[in-house]
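Understanding the architecture of this molecule
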Amino acid sequence: MKTTESSSKYENLERMEVSELLHHINAEDHKVAPAVKEKIPAISALVDQIVPRMREGGRLFYIGAGTSGRLGILDASECPPTYGVPHDWVIGLIAGGDTAIRKAVENAEDDPEMAWKDIQEYGVSELDTVIGIAASGSTPYVIGGVKAAKENGLLTGCITCNTESLLARSVECPIEVVVGPEFVTGSTRMKSGTAQKLVLNMISTTVMIKLGRVKGNKMVDMQLSNAKLVDRGTKMIMEATGLDYQTANDLLLSEGSVRNATEYYYKNKA
C-alpha cells in the first residue's frame, strides 16, 4: 500500500478532545521538515538544472491536481510580486483549469493528455522545465504531462510523497518526500501538502536568488503594490544609503524599485 494511503495510527478521532487532536496533528507536522531535509540533494540536483535554463529564457511550469495543483499555483503567483519577475517566468497549472482553484472539478485529474495541452497554450521550449506535483505519484493528469514534456525535450521533475511511484519513474529529477501516514487517513492536504509547500519554497526561492533577484538578503525587485511594501522598500534604501525616510521614499517612488533606487543613489552620489 502507498504510504499516503496507509491508515493513521490514531483511532477514534471523533472521541478526542480538541487539545488532544491539535497536539497529535502538531506532533505529526514535526516529521515533515526532517523528511524534506533528507531530500536536499535531490532538490539541489533539480535546481542546478533549472537555473541555467532560465538564464537562457526558459520557464518553470508546475502541474498538479487538487491540493497539489493549488500549491503550485500559489508558489508561481507569488514570484512576480516578491521578485519583480514577469508572470510567465513561473506558471502554475491545475487539472480542471482556474475553476478548480476554488472548487473541485470532477474527473479533471483523470485525463493524461490535458496537462500537455495546457502547457502548450504557453508555447514550449527545450529550455523550459515541468515539475509534476502529486502526493500519491499516480495522478494521470500529472504523469501524462511530465511524460509528454520529457518526450519533447523539456527538463522534468516531480514532488511526491510515495516511493517508487510511476510519476517519479517518469521524470529525470524526482523528489520523493515520504512523511508517513496522514493524521486523517489519506488526507494528503495535511503533512504531504506541507512537505510539497516546503519543497516549492526551496525551489523557487533558490532559483530566484541564483537568477540575481535578491541582493544581500533583500527583495530588491519586489513590486511596490501596497503601502506596507513601499514602507519596507523605503527602509531598505535607508539601510543601504543612510538617507532619511522621506528622501529614501521619494527616491523609491521615482525609480520604481529598491534596486533601481540604490543604484541611482550610488551612481549620482558624487
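Everything below is about the structure printed above this text.
Quick caveat, the model's predicted, so the values are computed rather than measured. (Residues numbered from 1 in each chain as written. Predicted model: local features only at pLDDT ≥ 70, side-chain atom pairs only at ≥ 80, totals over all residues. Heavy atoms only, no water.)

**Some points on helix H3 (residues 40–55)**
Note that an α-helix has 3.6 residues per turn; residues three or four places apart therefore point the same way. The end-to-end C-alpha distance of H3, which contains 16 residues, comes to 22 Å, matching closely the 22 Å that a straight helix rising 1.5 Å per residue would cover. Buried residues of H3: Ile43, Leu46, Val47, Ile50, Val51 and Met54, and no others. Looking down the long axis of H3, one finds its buried residues gathered within 140° of arc, a one-sided arrangement. Structural note: H3 exposes Pro41 and Asp48 on the side pointing more than 90 degrees away from its buried face. (Helix = DSSP H or I, 4+ residues; strand = E, 2+ residues; numbered from the N terminus. Expected span 1.5 Å × (residues − 1). Buried < 20%, exposed > 50% of the residue type's maximum accessible area, 1.4 Å probe, protein only. Arc of directions from axis to C-beta.)

**Quick notes on the side chain of Lys191**
Among the secondary structure elements, Lys191 is positioned in helix H9 (residues 191–210). Within the structure, the side chain of Lys191 is placed 2.8 Å from the backbone oxygen of Val179, a separation counted as a polar contact. A polar side-chain atom of Lys191 sits 2.8 Å from the main-chain carbonyl oxygen of Pro181. Ignoring sequence-local partners within four residues, the contact set of Lys191 consists of Glu28, Asp29, Lys31, Val32, Val179, Gly180, Pro181 and Glu182. (Polar contact = N/O pair within 3.5 Å; in protein donor to acceptor, adjacent residues only side chain to side chain. Contact = heavy atoms within 4.5 Å.)

**Observations concerning the packing of helix H10 (residues 227–241) against helix H12 (residues 258–268)**
Direction vectors running N to C along H10 and H12 enclose 30°, while the axes themselves pass 10 Å from each other. Classed by the angle they form, the pair H10 and H12 counts as roughly parallel. Handedness of the crossing formed by H10 with H12: right-handed. Contact with H10, carried on its side by Gly233, Met236, Ile237, Ala240 and Thr241, involves Val258, Ala261, Thr262, Tyr265 and Tyr266 of H12 and no other residues of that element. Considered class by class, the residues forming the contact of H10 with H12 number seven nonpolar, three polar and no charged. (Axes fitted to C-alpha atoms, helices over the stretch in contact; angles between N-to-C directions. Parallel < 35°, antiparallel > 145°, perpendicular 65-115°, else oblique. Left-handed = near helix turned anticlockwise from the far one by under 90°. Nonpolar A, V, L, I, M, F, W, Y, C, P; charged D, E, K, R; others polar.)

**Considerations on the layout of surface pockets**
Considered as a void within the structure, the largest pocket measures approximately 320 Å³ in volume. Those elements giving two or more residues to the lining of the largest pocket turn out to be helix H4 (66–83) and strand E2 (90–94). A class-by-class count of the residues in the lining of the largest pocket yields ten nonpolar, four polar and three charged. In terms of lining residues, the second largest pocket is bounded by Lys215, Gly216, Lys218, Val220, Met236, Glu239, Ala240, Val258, Arg259, Thr262 and Tyr266. Residue assignment for the lining of the second largest pocket shows that the elements contributing at least two residues are H10 and H12. For the lining of the second largest pocket, the leading source of residues is H12, giving four residues. (1 Å grid on protein atoms, 1.4 Å probe; cavity = no way out; pocket = protein on both sides within 12 Å on 5 of 7 lines; lining within 4 Å. Points joined across faces, edges and corners; volume = space filled by probe spheres on them.)

**A few points about the nonpolar core**
Within the largest apolar cluster, 33 residues are counted, with the highest numbers of intra-cluster contacts made by Ile50, Tyr62, Ile131 and Ile203. Taken together, the elements giving at least two residues each to this core come down to helix H2 (32–37), H3, strand E1 (60–64), H4, strand E3 (129–133), strand E4 (155–160), strand E5 (173–176) and H9. Ile131 has contacts with Leu46, Ile50, Leu60, Phe61, Tyr62, Ile63, Gly157, Cys158, Ile159 and Ile203, leaving out every residue within four places of it along the chain. Residues Leu93, Ala95, Ala108 and Ala168 belong to the second largest nonpolar core, which totals 23 residues. (Core = buried A, V, L, I, M, F, W, Y, C linked by side-chain atoms within 4.5 Å.)

**Observations concerning the packing of aromatic side chains**
Going through the model one piece at a time under the given rule, you end up with three aromatic pairs. Judged by centre distance (5.0 Å) and plane angle (55°), the ring pair of Tyr10 and Phe183 falls under tilted. Note that Tyr10 is positioned in the segment before helix H1 (18–29) and Phe183 in the loop between E5 and H9, a separation of 173 residues in sequence. Given the relative accessible area of 14%, Tyr10 is considered buried. Note on Phe183: relative accessible area 4%, which makes it buried. Note on Tyr265 and Tyr266: the rings are 4.9 Å apart at their centroids and 85° apart in plane angle, and the pair reads as edge-to-face. You can call Tyr266 partly exposed: its relative accessible area is 44%. (Phe/Tyr/Trp six-rings, centres within 6.5 Å; stacked < 30°, edge-to-face > 60°.)

**Section: unusual backbone geometry**
Backbone geometry places Asn12, a non-glycine residue, at a positive phi of 50°. By relative accessible area, Asn12 is classed as partly exposed at 39%.

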